[in-house]
Amino acid sequence: MVTEPRFPVTWLRSVGCVWIGAGLAVGATAWVALAVLGLILRPSAVPAGNSTPILTIIPAPSPTPSPTPAVPSDLATPTVTAPAGSGEGISVGELVEVFGTSGDGLRLRSEPDLQSQILVLGVDSEVFQVDDGPVEADGYVWFYLVNPYDTAKRGWAVSTYLRPLGSS
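Since the model is a prediction, treat every value here as computed from it, not as a measurement.

### Quick word on the overall build of the protein
Then comes step 1: For the protein, the helix and strand inventory stands at one helix and seven strands.
Then comes step 2: Ordered by position from N to C terminus, the α and β elements of the protein give α-β-β-β-β-β-β-β.
Then comes step 3: Expressed as a percentage of the 168 residues in the protein, the buried residues total 23%.
Then comes step 4: Long-range contacts, defined as pairs at least 24 residues apart, comprise 55% of the intrachain contacts of the protein with a sequence gap of at least 6.

Encoded structure:
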């Protein structure tokens, strides 16, 4: 015995085709609409002449020491164990520090005289080791200094702006 379906098969086929056809029509219309809107609303193209990228190089900060802040004059007077410029209290092998240059720095020279070439500049509070001296020339007492942290920083300096490390 063969049973008949509740709805005719031809009706299901025709209804299914309608839904498939309608879906295709709506999808195609949506695709065309989006394509047209995309052409209208897209950003303008970059002109060919401006297509080269621009590179900005920012250099790293240099190791230049920052200036020391101003100190009121009543606090700025250092206590020195020996008279300034005498070289007393400084001996070979001892650590000394640069002081009292008012931010100008201490010139380390190739020879112990004022006319010789300046090799490097020592800044206030910079530490050096005394390798030679004292030598008297041009009215000053000179010591040969070497920076223990950067041995390329070396030269002759006047004792006026030096004090033994640890003295205040």
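### Details of the packing of aromatic side chains
Then comes step 1: For the coordinates displayed, the defined rule picks out two aromatic pairs.
Then comes step 2: Between tyrosine 140 and tryptophan 142, the ring centres sit 6.5 Å apart and the planes meet at 80°, which makes this aromatic pair edge-to-face.
Then comes step 3: By relative accessible area, tyrosine 140 is classed as partly exposed at 33%.
Then comes step 4: We classify tryptophan 142 as buried; its relative accessible area is 1%.

### Examining the nonpolar core
Then comes step 1: Core analysis: the biggest nonpolar cluster contains 18 residues, and Val96, Leu106, Leu108, Phe143, Leu145 and Leu162 have the highest contact counts within it.
Then comes step 2: Counting residues per element, the ones that place at least two in this core are strand 1 (95-98), strand 2 (106-109), strand 4 (127-137), strand 5 (140-146) and strand 6 (154-158).
Then comes step 3: For this core, the leading source of residues is strand 5, giving six residues.
Then comes step 4: Those residues within four positions of leucine 162 in sequence are excluded, and the remaining contacts are Ile90, Val96, Glu97, Val98, Phe99, Leu106, Phe143 and Leu145.

### With respect to the pattern of salt bridges
Then comes step 1: By the definition in use, this model includes two salt bridges.
Then comes step 2: In this structure, arginine 163 and glutamate 97 form a salt bridge, with 3.1 Å as the shortest nitrogen-oxygen distance. Residue arginine 163 is located in strand 7 (residues 162-164), and its partner glutamate 97 is located in strand 1; the two are separated by 66 residues in the primary sequence. Across the pair, glutamate 97 and arginine 163 agree in class, each one buried.

### Structural notes on unusual backbone geometry
Then comes step 1: Here the bond from glycine 133 into proline 134 is cis, since omega is 0°, no more than 30 degrees from zero.
Then comes step 2: Positive phi, close to 55°, is recorded for serine 102, a residue that is not glycine.
Then comes step 3: Serine 102 sits in the exposed class, given a relative accessible area of 68%.
Then comes step 4: For aspartate 138, which is not glycine, the phi dihedral falls at a positive 55°.
Then comes step 5: One can find aspartate 138 in the loop between strand 4 and strand 5.
Then comes step 6: On the basis of relative accessibility, which here comes to 40%, the residue aspartate 138 falls in the partly exposed class.

### Description of the confidence of the model for the protein
Then comes step 1: Averaged over all residues, the pLDDT of the protein equals 76, while 60% of them reach at least 70.
Then comes step 2: Element-level pLDDT for the protein is lowest in helix 1 (residues 9-41), with a mean of 72, against a maximum mean of 95 in strand 6.
Then comes step 3: In this model, residues 75-85 is a region of pLDDT below 50 whose contacts with residues beyond four sequence positions or in other chains number 13 contacts.

### A short note on the environment of glutamate 88
Then comes step 1: Mapped onto the elements, glutamate 88 comes out in the loop between helix 1 and strand 1.
Then comes step 2: A relative accessible area of 54% places glutamate 88 in the exposed class.
Then comes step 3: Between the C-alpha atoms of glutamate 88 and proline 134, which are 46 residues apart in sequence, the distance is 9.3 Å.

### A look at the pairing of strand 5
Then comes step 1: With six of seven residues buried, strand 5 lies mostly within the body of the structure.
Then comes step 2: Taken together, the six bridges between strand 4 and strand 5 define a ladder with antiparallel strand orientation. Bridge pairing links valine 130 to leucine 145 in strand 5.
Then comes step 3: Adjacent in sequence and paired antiparallel, strand 4 and strand 5 are bridged by two residues, among which aspartate 138 carries a positive phi angle near 55°.

Reading the values: rules and limits
Residues numbered from 1 in each chain as written. Predicted model: local features only at pLDDT ≥ 70, side-chain atom pairs only at ≥ 80, totals over all residues. Heavy atoms only, no water. Helix = DSSP H or I, 4+ residues; strand = E, 2+ residues; numbered from the N terminus. Buried < 20%, exposed > 50% of the residue type's maximum accessible area, 1.4 Å probe, protein only. Contact = heavy atoms within 4.5 Å. Phe/Tyr/Trp six-rings, centres within 6.5 Å; stacked < 30°, edge-to-face > 60°. Core = buried A, V, L, I, M, F, W, Y, C linked by side-chain atoms within 4.5 Å. Salt bridge = Lys/Arg side-chain N within 4 Å of Asp/Glu carboxyl O. pLDDT = per-residue confidence, 0-100. Pairing = 2+ DSSP bridges.

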